[in-house]
Amino acid sequence: MLTQTHEGRTRTRTRHHTVKQSSKKTMRNDEEDGRGGITCGAVTVELDLQDLPEGCIANVISLTTPPDACRLSSVSRSFRSAAESDAVWSRFLPPEIPTILSHSGPHAPSCRSKSKEFYLALCDNPVLIDDGKMSFSLDKWSGKKCYMVSARDLVIVWADTPNYWKWISLPESRFEEVAELVGVCWLEIRGKIDTRLLSPSTVYKAYLVFKSTAAAYGFEYQPAEVSVGLVGGAEPTKKTVFLDADRGRTQSYQIMPRRGPLRNRISVQVSQPREINDNQYPKERADGWLEIELGEFFCEGGVDGELEMTCLETRGGQWKGGLIVQAIEVRPKRKS
Amino acid sequence: MSRVFKLKSSDNETFEVEEAAALLSETIKSSSSTEITVPNVKAEILGKVVEWCNKHAESEDTKDQLIKEWDAEFVSVDQHVLFKLITAADYLQIKELVDQLTQRVGDMIKAKTLKTVEMTYPTFNVEREVQEELKSLGF
């Protein structure tokens, strides 16, 4: 039950502690403690927050998250100025931003604009770095660093042989070139990223970003083997995924092809039904591409190393083709 | 011989504080007198601030696990007490205490659901407005 105790009150923000009326606290049907405060949750957080000394409010907000700051800004006019301030948003940016942007192309957003705009620009408009071979952006929810390692920067076995892979340009790719799979029987894609580039104390996930063309074949039955792990570290756990967007999803059991001399010739042998894990199938991205999760990695920070992310299909021996690989993306795991 | 400072609350209660604890406050440090009145901070709150200062003056190592646990308990108070503490600590310019208290408030905001924020705003459409705003920013 909401009582309009705020109406008609003018708030002056001074450094002196104003005497609080106990009626102000009766906002909800919750318990009141004897001293005139409310003991449940933080219903009156926003009321009292306004009484804090100037600068403290911005400090508090900078210790929350970007979505929290946006929420506070749009909920209350009193917080808007603090929640929009550079004091808050500059603290959501990783400290290395100037260095990263100094190695980027001419189209990077300007450091001089207001911090919040700058922050959002870095989230929404990835910046090409490393001579156009990688892209950098921020994860909007946390302000942590995200990267895409373009196909040209990946190790794709047989990619130099035009019979197997073609390098083409697509307008919907952020990179100049993407790799189109004509056909291989040995699919091996490996990407590496220096862990020093990543934000510390962060769980990262890696994804293969690709498209499936209408002519895609060979992926319906045979899953790929993917993994993410430190180079020189413990053997990473491998998992299986399907690179086929449609067929894999509709199967509730795996059909095992028997390998014949001609590709696409299969005889069917139905195996046991198995449970479908949603992460085993490609998902659609907002930019129109598909992605499949390769694995997870906890970046501690302060430790030098190289993260290797792989996607292999080398066991089935069957021919496959019709995919377009744009990049491997590395981004923080989103807390649900 | 260390000096003893006298801190007076707005309701005229005096707290005697040893030099080491008192000098954690920049305001006291830069004061010419050893008697300081803290305006608009009642004894209950000032007493807690003094308690914090005493605790932190006596232990050298602030990274000590025990101190951390003590600090965590210290800031686990009702929010109206929390805000009064921030105001007092800010006036007395005790940076570490202010940092701990604001961290606590930030954590409380992060843990809150939107409903609680909405309750203080005098329109009923705010939830929808906020969601629209968040959506337009891409959250």
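Residues numbered from 1 in each chain as written. Chains lettered and ligands numbered in written order. Predicted model: local features only at pLDDT ≥ 70, side-chain atom pairs only at ≥ 80, totals over all residues. Heavy atoms only, no water.

Draft legend 1. Highlighting the overall build of chain A. Helix and strand counts for chain A stand at 8 helices and 16 strands. For chain A, the proportion of its 336 residues judged to be buried stands at 49%. Pairs at least 24 residues apart make up 67% of the contacts formed inside chain A by residues separated by at least 6 positions. Only carbon and sulfur atoms are counted for the fraction: they give 49% of the accessible area of chain A, which is about 17,200 Å². (Helix = DSSP H or I, 4+ residues; strand = E, 2+ residues; numbered from the N terminus. Buried < 20%, exposed > 50% of the residue type's maximum accessible area, 1.4 Å probe, protein only. Contact = heavy atoms within 4.5 Å. Areas by Shrake-Rupley, 256 points an atom, 1.4 Å probe, with all protein chains shown as cover.)

Draft legend 2. Representation of the confidence of the model for chain A. Residues and elements named next belong to chain A. Averaged over every residue, the pLDDT of chain A is 79; the share at 70 or more is 76%. Mean pLDDT across the elements of chain A ranges from a minimum in strand E12 (residues 268-273), with 47, to a maximum in strand E3 (residues 145-150), with 97. This model gives residues 1-47 a pLDDT under 50, and the stretch forms 96 contacts once residues within four places in sequence are excluded. In this model residues 269-273 is a low-confidence stretch, pLDDT under 50, and it forms 10 contacts with partners more than four residues away in sequence or in other chains. (pLDDT = per-residue confidence, 0-100.)

Draft legend 3. The arrangement of the pattern of salt bridges in detail. All names here are of chain A. Per the counting criterion, the structure on display carries 27 salt bridges over all chains. For the salt bridge of Asp-68 with Arg-71, the shortest nitrogen-to-oxygen distance reads 3.0 Å. Of the two residues, Asp-68 and Arg-71 both sit in helix H3 (residues 66-75), 3 residues apart, roughly one turn of that helix. Assessed through its relative accessible area of 7%, Asp-68 is described here as buried. On the basis of relative accessibility, which here comes to 23%, the residue Arg-71 falls in the partly exposed class. Across the salt bridge formed by Lys-114 and Asp-86, the nearest N and O atoms sit 3.7 Å from each other. In this pair, Lys-114 sits in the loop between helix H6 (97-102) and helix H7 (115-124) while Asp-86 sits in helix H5 (residues 86-89), placing the two residues 28 residues apart along the sequence. (Salt bridge = Lys/Arg side-chain N within 4 Å of Asp/Glu carboxyl O.)

Draft legend 4. Looking closely at the packing of helix H3 (residues 43-58) of chain B against helix H5 (residues 79-91) of chain B. Residue and element names in this part refer to chain B. At a minimum axis distance of 10 Å, the contact between H3 and H5 shows a crossing angle of 65°. Taken together, the axes of H3 and H5 lie roughly perpendicular to each other. The hand of the H3/H5 crossing is right-handed. Each of Ile-45, Lys-48 and Val-49 in H3 lies in contact with H5, whose residues at this interface are Val-81, Lys-84, Leu-85 and Ala-88. Here the residues of the contact of H3 with H5 sort into 5 nonpolar, no polar and 2 charged. (Axes fitted to C-alpha atoms, helices over the stretch in contact; angles between N-to-C directions. Parallel < 35°, antiparallel > 145°, perpendicular 65-115°, else oblique. Left-handed = near helix turned anticlockwise from the far one by under 90°. Nonpolar A, V, L, I, M, F, W, Y, C, P; charged D, E, K, R; others polar.)

Draft legend 5. Focus on the sheet that holds strand E10 (residues 238-241) of chain A. Residues and elements named next belong to chain A. Pairing in this open sheet of 5 strands is antiparallel, and the strands run E4-E7-E15-E9-E10 from one edge to the other. Each edge of the open sheet is held by one strand with a lone partner, namely strand E4 (155-156) and E10. Bridge count between E4 and strand E7 (residues 187-194): 2 bridges; the pairing is antiparallel. Each residue of the ladder has a partner; that of Ile-156, found in E7, is Ile-189. (Pairing = 2+ DSSP bridges.)

Draft legend 6. Focus on the packing of aromatic side chains. Here the structure, examined in full by the defined rule, presents 9 aromatic pairs over all chains. Taken together, a centroid distance of 5.3 Å and an interplanar angle of 20° make the contact between B:Trp70 and B:Phe74 stacked. Note that B:Trp70 and B:Phe74 are positioned in helix H4 (residues 65-75) at a spacing of 4 residues, about one turn of the helix. Among the residues examined, B:Trp70 registers a relative accessible area of 22% and is labelled partly exposed. For B:Phe74, a relative accessible area of 4% gives the class buried. An aromatic cluster of three or more residues is present, and its members are A:Trp89, A:Phe92 and A:Tyr119. (Phe/Tyr/Trp six-rings, centres within 6.5 Å; stacked < 30°, edge-to-face > 60°.)

Draft legend 7. Region of interest: the packing of H4(B) against helix H6 (residues 95-111) of chain B. Residue and element names in this part refer to chain B. One can describe the packing of H4 onto H6 by two numbers: an axis separation of 10 Å at closest approach and a directional angle of 60°. Taken together, H4 and H6 sit at an angle that is classed as oblique. Considering only the axes of H4 and H6, their crossing is right-handed. Contacts between H4 and H6 involve Asp-71, Phe-74 and Val-75 from the former and Leu-97, Gln-100, Leu-101 and Arg-104 from the latter. Here the residues of the contact of H4 with H6 are counted per class, giving 4 nonpolar, 1 polar and 2 charged.

Draft legend 8. Region of the structure containing the pairing of strand E14 (residues 290-299) of chain A. Residue and element names in this part refer to chain A. Counting buried positions along E14 gives 8 out of 10 residues, so the element sits mostly inside the fold. Pairing of strand E8 (residues 202-217) with E14, which is carried by 9 bridges, proceeds in the antiparallel orientation. Following the sheet pairing, Val-203 is matched in E14 by Phe-298. For strand E13 (residues 283-284) and E14, the ladder comprises 2 bridges, and the chain directions are antiparallel.

Draft legend 9. Seen up close, the nonpolar core. The biggest cluster of nonpolar side chains holds 105 residues, and the ones touching the most others in it are A:Trp165, A:Ile189, A:Leu208, A:Leu243, A:Leu294 and A:Met309. With sequence-adjacent residues up to four places away left out, A:Leu294 is seen in contact with A:Ala206, A:Tyr207, A:Leu208, A:Val226, A:Ser227, A:Val228, A:Lys239, A:Met309, A:Thr310, A:Cys311 and A:Ile328. (Core = buried A, V, L, I, M, F, W, Y, C linked by side-chain atoms within 4.5 Å.)

Draft legend 10. Fine view of the environment of A:Pro162. Residue and element names in this part refer to chain A. Along the chain, the position of Pro-162 falls in the loop between E4 and strand E5 (165-168). For Pro-162, a relative accessible area of 56% puts it in the exposed group. For the pair Pro-162 and Gly-183, spaced 21 residues apart in sequence, the C-alpha separation works out to 9.8 Å.

Draft legend 11. Layout of unusual backbone geometry. You will see that A:Trp158, though not glycine, has its phi angle at about 75°, which is positive. Relative to the helices and strands, A:Trp158 resides in the loop between E4 and E5. Classification of A:Trp158 by relative accessible area gives partly exposed; the value is 43%. One non-glycine residue, B:Asn12, lies in the positive phi region at around 65°. For B:Asn12, the position within the fold is in the loop between strand E1 (4-8) and strand E2 (14-18).

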